[in-house]
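Now for the letters of each chain:
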Amino acid sequence: MDRETIQAGDGDIINLPVVTGTEGEQALDITRLRGTTGLVTLDPGYGNTAEATSAITYINGEEGILRYRGYPVDQLVRESSFLEVCYLLDHGGLPSRSEFDAYKSGIRGLADLPAGIVEVIRSFPVDSHPMQRLASAMALLGSYFPVGSDPLDSEANQSSIIRLIAAMPALTAWSFRSGRGMAYVEPRPDLGYSANFLNMTFGPEGEGFEILQPHVRAMEALLLLHADHGQNLSTSAVRLVGSSRAGLYSAISAGILALSGSLHGGANQRVVEMLEDIRAAGGDTRLFLEKAKDRSDPFRLMGFGHRVYKNFDPRAQLIKEHARELLEAQGNPLLEIAMRLEAEALADDFFLKRGIYPNVDFYSGIIYRAIGFPSEMFTALFALGRLPGWLAQWREMIEDPKARIKRPRSIYTGYGKRDYVPVADR
Ligand code: ACO
């Protein structure tokens, strides 16, 4: 193993091991830093911190590379399916035909929700956000299907993972319909994963519903491209909560809530709202670009920028292709505004210098809107796609024999010691 010598402040010269990843990425292993020097590291926002080694997803932000278990996402999106990617992320390799058949039939058998969950979610306030319903329903699943007491029980974990992949389309669809006073639609897993989800979301109860194949293809691509993204915020939340052994459903519920924020998964809802604002303001994209550049204005271009991708986000490019395929021929004002905004931003030094490019959320909302989803549903669709990543990452973390409870430190900057003063003397 390589070692790196660093000088800790004015003090000791220390020799730290360097960990090298498959693709040559290098990290200083500071596991023994505090024990040997008394020092800790300070890295707000974790820009320099690898929290884990992981064999699931490789991301190279400089070159715009994203691979699941070694397979480039552009190949997967063209040739695979979302469900096959769920298998891949969980098992580490592609299934044989018989393995995949068995996997799909396991999922088909578990696609419905317990009646109690349907009732509880129906009773939520009508204006509660689908993400709140989804996170609550996820936590509630834990009461119906408690996981065994041993979190290292690989077989029990496998069953829970299959159950969650199977139930998530129903949970997501119901988080939408229940808020609109619509009836629960029974699952039709024979239709396929995405088509069943569209049917449960939009299909009238007990009647046939025409599922458009271009919508199914677009849903498959979007779910697949959201399936995992390394140690992003919501996945880190899943790993953090999971490290306390709080249980799988609690960890995934925490991931859903973490995803809902506007700087993370919530951005896809904000993108379409922003594009609609631009349209309502007469389509003047330059006005909004100037606002984003104004340092005294907190406004940011939603769907632009990424902590890791500073060149391009490969997911955004693939999603843009789908948006054009689905919408360009018939003309779509939001797509037209989005493409103009992108072209103008990419010709502007402000954005180029800072490495701000469209991210995964920029074009996804336009597709969701064209399929018929209201914008408050977009982040729940992100959660539906991200679930297999959360599950694979949770499992990798919990079954790692060296896993420890996650507990960062802070550097205290408050008052020094001072004595308590009774209220009469203050
Ligand atoms: N619009 C305008 N300016 C931006 C944007 C944006 N979307 N993104 C970054 N910047 C500017 C910042 O103002 C800052 O400028 P400064 O150096 O002059 O102060 C600089 O670029 C660096 O920005 P940071 O916030 O430090 O970058 P960071 O890596 O921490 O943040 C983030 C990344 C949160 C995604 C940011 O780009 C952002 O807020 N984007 C808009 C929200 C969004 O689309 N989120 C979805 C992310 S993808 C996902 O989670 C699925």
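This report concerns the structure included in the present document. (Residues numbered from 1 in each chain as written. Predicted model: local features only at pLDDT ≥ 70, side-chain atom pairs only at ≥ 80, totals over all residues. Heavy atoms only, no water.)

**Structural notes on the overall build of the chain**
- Broken down by element type, the chain carries 18 helices and 6 strands.
- For 426 residues, the compact-globule estimate of 2.2 N^0.38 gives 22 Å, and the C-alpha radius of gyration of the chain, at 23 Å, lies within 12% of that figure.
- Taking the principal axes of the C-alpha coordinates as reference, the chain spans close to 75 × 65 × 55 Å.
- A buried classification covers 46% of the 426 residues belonging to the chain.
- A fraction of 69% describes how many contacts in the chain between residues 6 or more apart in sequence connect residues 24 or more apart. (Helix = DSSP H or I, 4+ residues; strand = E, 2+ residues; numbered from the N terminus. Rg over C-alpha atoms; globule rule 2.2 N^0.38 Å. Buried < 20%, exposed > 50% of the residue type's maximum accessible area, 1.4 Å probe, protein only. Contact = heavy atoms within 4.5 Å.)

**Focus on the pattern of salt bridges**
- Across all of its chains, the model carries 20 salt bridges by this definition.
- Two residues, K406 and E51, come together in a salt bridge whose shortest N-O distance is 3.1 Å. Remark: E51 occurs in the loop between α1 (33-37) and β4 (57-60) and K406 occurs in the segment after α18 (378-398); sequence separation between them is 355 residues.
- For D297, the salt bridge identified is with K291, shortest N-O distance 3.0 Å.
- Look at the salt bridges and you will find they share partners, linking D74, R78 and E321 into a network. (Salt bridge = Lys/Arg side-chain N within 4 Å of Asp/Glu carboxyl O.)

**Quick look at the sheet that holds strand β3 (residues 26-28)**
- Strands sit in the order β1-β2-β3 across an open sheet of 3 strands; the sheet is antiparallel. Unpaired on one side and paired on the other, β1 (3-7) and β3 mark the two borders of the sheet. Direction aside, the axes of adjacent strands within the sheet are offset by 35 degrees on average.
- Pairing between strand β2 (residues 13-20) and β3: 3 bridges, direction antiparallel. The partner of V18 across the bridge, within β3, is L28. (Pairing = 2+ DSSP bridges. Axes fitted to C-alpha atoms, helices over the stretch in contact; angles between N-to-C directions.)

**Some words on the site of the ligand**
- The full set close to the ligand counts 21 residues, and H264, R295, R300, L301 and F304 are the nearest of them.
- Interatomic distance of 2.7 Å between a side-chain N/O atom of R295 and an oxygen atom of the ligand.
- R300 is positioned with one of its side-chain polar atoms (N or O) 2.8 Å from an oxygen atom of the ligand.
- When isolated, the ligand has an accessible area of 920 Å², and the protein chains bury 76% of it. (Near = heavy atom within 4 Å. Polar contact = N/O pair within 3.5 Å; in protein donor to acceptor, adjacent residues only side chain to side chain. Areas by Shrake-Rupley, 256 points an atom, 1.4 Å probe, with all protein chains shown as cover.)

**A few points about the environment of L318**
- With respect to the helices and strands, the residue L318 is situated in helix α14 (residues 314-327).
- A relative accessible area of 8% means that L318 is categorised as buried.
- Along the primary structure L318 and G9 are separated by 309 residues, whereas in three dimensions their C-alpha atoms are 46 Å apart.
- Excluding its chain neighbours within four sequence positions, the residues that come into contact with L318 are V73, D74, V77, R78 and L225.

**Remarks on unusual backbone geometry**
- With a phi close to 50 degrees, R69 is a non-glycine residue in the positive phi region.
- Counting through the fold element by element, R69 comes out in the loop between β5 (65-68) and β6 (71-72).
- The exposure class assigned to R69 is partly exposed, which follows from its relative accessible area of 22%.
- At R245, a residue that is not glycine, the phi angle is positive and equals roughly 65 degrees.
- By the element assignment, R245 lies in the loop between α10 (233-242) and α11 (248-259).

**Focus: the packing of aromatic side chains**
- Per the counting criterion, the structure on display carries 14 aromatic pairs.
- Ring geometry for W174 versus Y184: centroids 5.5 Å apart, planes at 90 degrees, classification edge-to-face. Of the two residues, W174 is situated in helix α7 (residues 154-177) and Y184 in the loop between α7 and α8 (193-202); the sequence distance between them amounts to 10 residues.
- A relative accessible area of 12% means that Y184 is categorised as buried.
- The interplanar angle of 75 degrees and the centroid separation of 4.9 Å between the aromatic rings of F350 and F351 together place this pair among those described as edge-to-face.
- F350 gets classed as buried once you look at its relative accessible area, which sits at 12%. (Phe/Tyr/Trp six-rings, centres within 6.5 Å; stacked < 30°, edge-to-face > 60°.)

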